[in-house]
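Remarks on the overall topology
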Number of protein chains: 2
Amino acid sequence: MEKLKILVVDDESRMRKLVKDFLVRNNYDVIEAENGEQALDIFFETKGIALVILDIMMPRVDGWQVCREIRQYSDVPIIMLTAKGDEKDELLGFELGVDEYISKPFSPKILVARVEAVLRRTAGIDEEVIEIGGISLDKAAHQLKIDDVPIDLSYKEFELLTYFVVNNGVALSREKILNNVWNYDYFGDARTIDTHVKKLRSKMGEKGKYIKTIWGLGYKFEVD
Amino acid sequence: MEKLKILVVDDESRMRKLVKDFLVRNNYDVIEAENGEQALDIFFETKGIALVILDIMMPRVDGWQVCREIRQYSDVPIIMLTAKGDEKDELLGFELGVDEYISKPFSPKILVARVEAVLRRTAGIDEEVIEIGGISLDKAAHQLKIDDVPIDLSYKEFELLTYFVVNNGVALSREKILNNVWNYDYFGDARTIDTHVKKLRSKMGEKGKYIKTIWGLGYKFEVD
DNA sequence: AATATCTATGACGAATTTGTGAATTACACT
DNA sequence: AGTGTAATTCACAAATTCGTCATAGATATT
């Protein structure tokens, strides 16, 4: 998965650096803006910003103003940096559609925890679909689509294919497959995997060849 | 629209009364519990609780424990009442899936604002009429129409069909269906779902096929 | 090239799951 | 209590899946 982009807006460079450091260390991609105008410019010119962290207190165009403008066009989650315990701020913020608050001063852990909570709440909802090489696996619907054509799989077939796709490019021994797709208490014939692979390949048509046989070992899913 | 039910859990009756008053004044229906066990009993016996407000500090079964137990079966939004500025609490809470915090002491406005923010975030699907593929479900009137022809359903049938439609395209296990359409304390035969599905399908005529069987898993509502 | 080992495939049947009609129970309203 | 409706359970039929096996084919090793 790609890194998520977070736009950090604060007029104090010291504060920006602080926030950025924590986030970068947690594998986010951070873009900085040092005032409101710049923030809006960057936001509307940059695609795929997953979250905006806004300081309220900024000269000329303050955090509220930035928030309002963004909200006219976007539902991107917004976290506000606020002075400790200012209730009026929080109330205004909820009306403007702010997702979360962080009071200064804050600890790195709180920062990261709230960022992740917000992202989980917003983006996390439908991360249930895996797509690769024209193959789409919708875990929620338990549905395979190949080039947007729905293809019915049995329960086991779906589980097996999901396991293959999640481990894209990794060679999997039969034992490993049994332990992960079957219950641990299954002690039957490992050859049953072959049979399921056969069915998968035939149901998947042209794309069936993505399930590769590794002689003497097992199988590997790989898109050319 | 009906009043939303909020479960308030706190061992101090003074605090419960305080919270209740604010919420009642804002047109919520408040249920009280004075300890963790009672909270869990009430929660799992009462249908349609839209939000739980939990005090962390309670004797015997504390707020965390209650939160954990609820989260095993339900995604109901949870707000925690916490002592001011306790970071460790917040961090633990995010892991447990807490939606929001309110530090004591708090003002009525903050309380109501956060409650509404959380409900707005989660309760999103609250339309009166759901329409999809020629099927129209009027929640208020408890009436199904198929191609504008009214069709009478029993209470359970309507609830079940609503649950299917709201989760359009999502595979639902029998267990999940039981937990959401039946009360949490129903421990009867899951096959009763089959019977209701049968009746639904037959009453829905041609559109009955939208309720699909997922062999070895459960059911899925999906319009082709 | 011969041999041994591993994999692919089609067919079959046991086991499991689901569909369905009928019987039973629960429950509200007279 | 009696009636009628809805909800649940039950029993059996129908459908589907899963694993095994036998055989054919493929790959590596000598």
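An account of the accompanying structure is given in this report. (Residues numbered from 1 in each chain as written. Chains lettered and ligands numbered in written order. Predicted model: local features only at pLDDT ≥ 70, side-chain atom pairs only at ≥ 80, totals over all residues. Heavy atoms only, no water.)

The helix and strand tally for chain A stands at eight helices and 12 strands. Counting every position in chain A, which comprises 224 residues, the buried fraction comes to 45%. A separation threshold of at least 6 residues defines the contact pool for chain A, and within that pool the share at least 24 residues apart is 54%. As presented, chain A carries roughly 12,000 Å² of accessible surface, and 49% of it is formed by carbon and sulfur atoms. (Helix = DSSP H or I, 4+ residues; strand = E, 2+ residues; numbered from the N terminus. Buried < 20%, exposed > 50% of the residue type's maximum accessible area, 1.4 Å probe, protein only. Contact = heavy atoms within 4.5 Å. Areas by Shrake-Rupley, 256 points an atom, 1.4 Å probe, with all protein chains shown as cover.)

In the vicinity of DNA strand D, 22 residues are found, and the nearest of them are Ser 154, Trp 182 and Asp 189 of chain A together with Ser 154 and Lys 156 of chain B. The sugar-phosphate backbone supplies 84% of the atoms of DNA strand D found within 4 Å of the protein. Contact distances for DNA strand D include 2.9 Å between a phosphate oxygen and a backbone N or O atom of Asp 189 of chain A. Those elements giving two or more residues to the surface near DNA strand D turn out to be α6 (155-166) and α8 (192-204) of chain A together with α6 (155-166) and α8 (192-204) of chain B. Class assignment for the residues of the surface near DNA strand D results in eight nonpolar, 10 polar and four charged. (Near = heavy atom within 4 Å. Polar contact = N/O pair within 3.5 Å; in protein donor to acceptor, adjacent residues only side chain to side chain. Nonpolar A, V, L, I, M, F, W, Y, C, P; charged D, E, K, R; others polar.)

In the vicinity of DNA strand C, 22 residues are found, and the nearest of them are Lys 198, Thr 213 and Tyr 219 of chain A together with Lys 198 and Tyr 219 of chain B. For DNA strand C, the fraction of protein-proximal atoms (within 4 Å) that sit in sugar or phosphate groups is 59%. Contacts to DNA strand C include Gly 216 of chain B, whose backbone N or O atom sits 3.1 Å from a phosphate oxygen. Within the residue set of the surface near DNA strand C, elements represented by two or more residues are α8 and β11 (211-214) of chain A together with α8 and β11 (211-214) of chain B. The residue makeup of the surface near DNA strand C, split by class, is eight nonpolar, four polar and 10 charged.

The subject of this paragraph is the packing of aromatic side chains. Residue and element names in this part refer to chain B. If you walk through the whole model with that rule in mind, you get six aromatic pairs over all chains. Centre to centre, the rings of Phe 164 and Tyr 219 are 6.3 Å apart; their planes meet at 70°, and the pair counts as edge-to-face. Highlighted residues: Phe 164 in helix α6 and Tyr 219 in strand β12 (residues 218-221), separated in sequence by 55 residues. Relative accessible area serves as the criterion here: at 4%, Tyr 219 is assigned to the buried category. Relative to Phe 221, the ring of Tyr 210 has its centre 6.1 Å away and its plane inclined at 85°; by these criteria the two rings are edge-to-face. Placement of Tyr 210 in the loop between α8 and β11 and of Phe 221 in strand β12 is noted, with a sequence separation of 11 residues between them. (Phe/Tyr/Trp six-rings, centres within 6.5 Å; stacked < 30°, edge-to-face > 60°.)

Looking now at the environment of Met 57 of chain A. You can see Met 57 of chain A is positioned in the loop between β3 (49-55) and α3 (63-73). Separated by 47 residues in the primary sequence, Met 57 of chain A and Asp 10 of chain A have C-alpha atoms spaced 8.1 Å apart.

Turning our eyes to something else, we now look at the pattern of salt bridges. Should their charged atoms come close, side chains of opposite charge can pair. Taken as a whole, this structure holds 27 salt bridges over all chains when the rule is applied. In this structure, the salt-bridge partner of Arg 174 of chain A is Asp 194 of chain A, at a minimum N-O distance of 3.1 Å. Of this pair, Arg 174 of chain A sits in helix α7 (residues 174-181) while Asp 194 of chain A sits in helix α8, and the two are 20 residues apart along the sequence. Taking the relative accessible area as the measure of exposure, Arg 174 of chain A reaches 17% and is therefore buried. Lys 207 of chain B serves as the salt-bridge partner of Asp 147 of chain B, at 3.5 Å between the closest nitrogen and oxygen. (Salt bridge = Lys/Arg side-chain N within 4 Å of Asp/Glu carboxyl O.)

Time to look at the packing of helix α2 (residues 36-45) of chain B against helix α3 (residues 63-73) of chain B. Residues and elements named next belong to chain B. For the pair α2 and α3, the least separation of the axes is 10 Å and the interaxial angle reads 20°. Compared by their axis directions, α2 and α3 come out roughly parallel. The hand of the α2/α3 crossing is right-handed. Listed contacts from α3 to Gly 36, Ala 39, Leu 40, Phe 43 and Phe 44 of α2 are Val 66, Glu 69, Ile 70 and Tyr 73. Its residues assigned to classes, the contact of α2 with α3 shows seven nonpolar, one polar and one charged. (Axes fitted to C-alpha atoms, helices over the stretch in contact; angles between N-to-C directions. Parallel < 35°, antiparallel > 145°, perpendicular 65-115°, else oblique. Left-handed = near helix turned anticlockwise from the far one by under 90°.)

Residue and element names in this part refer to chain B. Of all hydrophobic cores here, the largest spans 27 residues; its most connected members are Leu 144, Leu 161, Phe 164, Ile 177, Ile 211 and Phe 221. Within the residue set of this core, elements represented by two or more residues are β6 (129-132), β7 (135-138), β8 (143-146), α6, α7 (174-181), α8 and β12. Ranked by residues supplied to this core, first place goes to α6 with six residues. The residues contacting Ile 177, other than those within four sequence positions of it, are Leu 160, Tyr 163, Phe 164, Leu 172, Trp 182, Ile 193 and Tyr 219. (Core = buried A, V, L, I, M, F, W, Y, C linked by side-chain atoms within 4.5 Å.)

A word on the sheet that holds β6 of chain B. Residue and element names in this part refer to chain B. Here we have four strands laid out as an open sheet, ordered β6-β7-β8-β9, and antiparallel in their pairing. A strand with exactly one partner marks an edge of an open sheet, and here the two such strands are β6 and β9 (149-151). Neighbouring strand axes in the sheet, compared pairwise and without regard to direction, differ in orientation by 20° on average. Set on the sheet, α6 makes contact with β6, β7 and β8; between it and β7 the angle comes to about 120°. (Pairing = 2+ DSSP bridges.)

All names here are of chain A. Spatial ordering of the open sheet is given by β10-β12-β11, a layout of three strands whose pairing is antiparallel. On the outer flanks of this sheet lie β10 (171-173) and β11, each paired with one strand and no other. Along the sheet, successive strands turn relative to each other by an average axial angle of 30°, direction set aside. As defined by bridge partners, β10 adjoins strand β12 (residues 218-221) across three bridges and the pair is classed as antiparallel.

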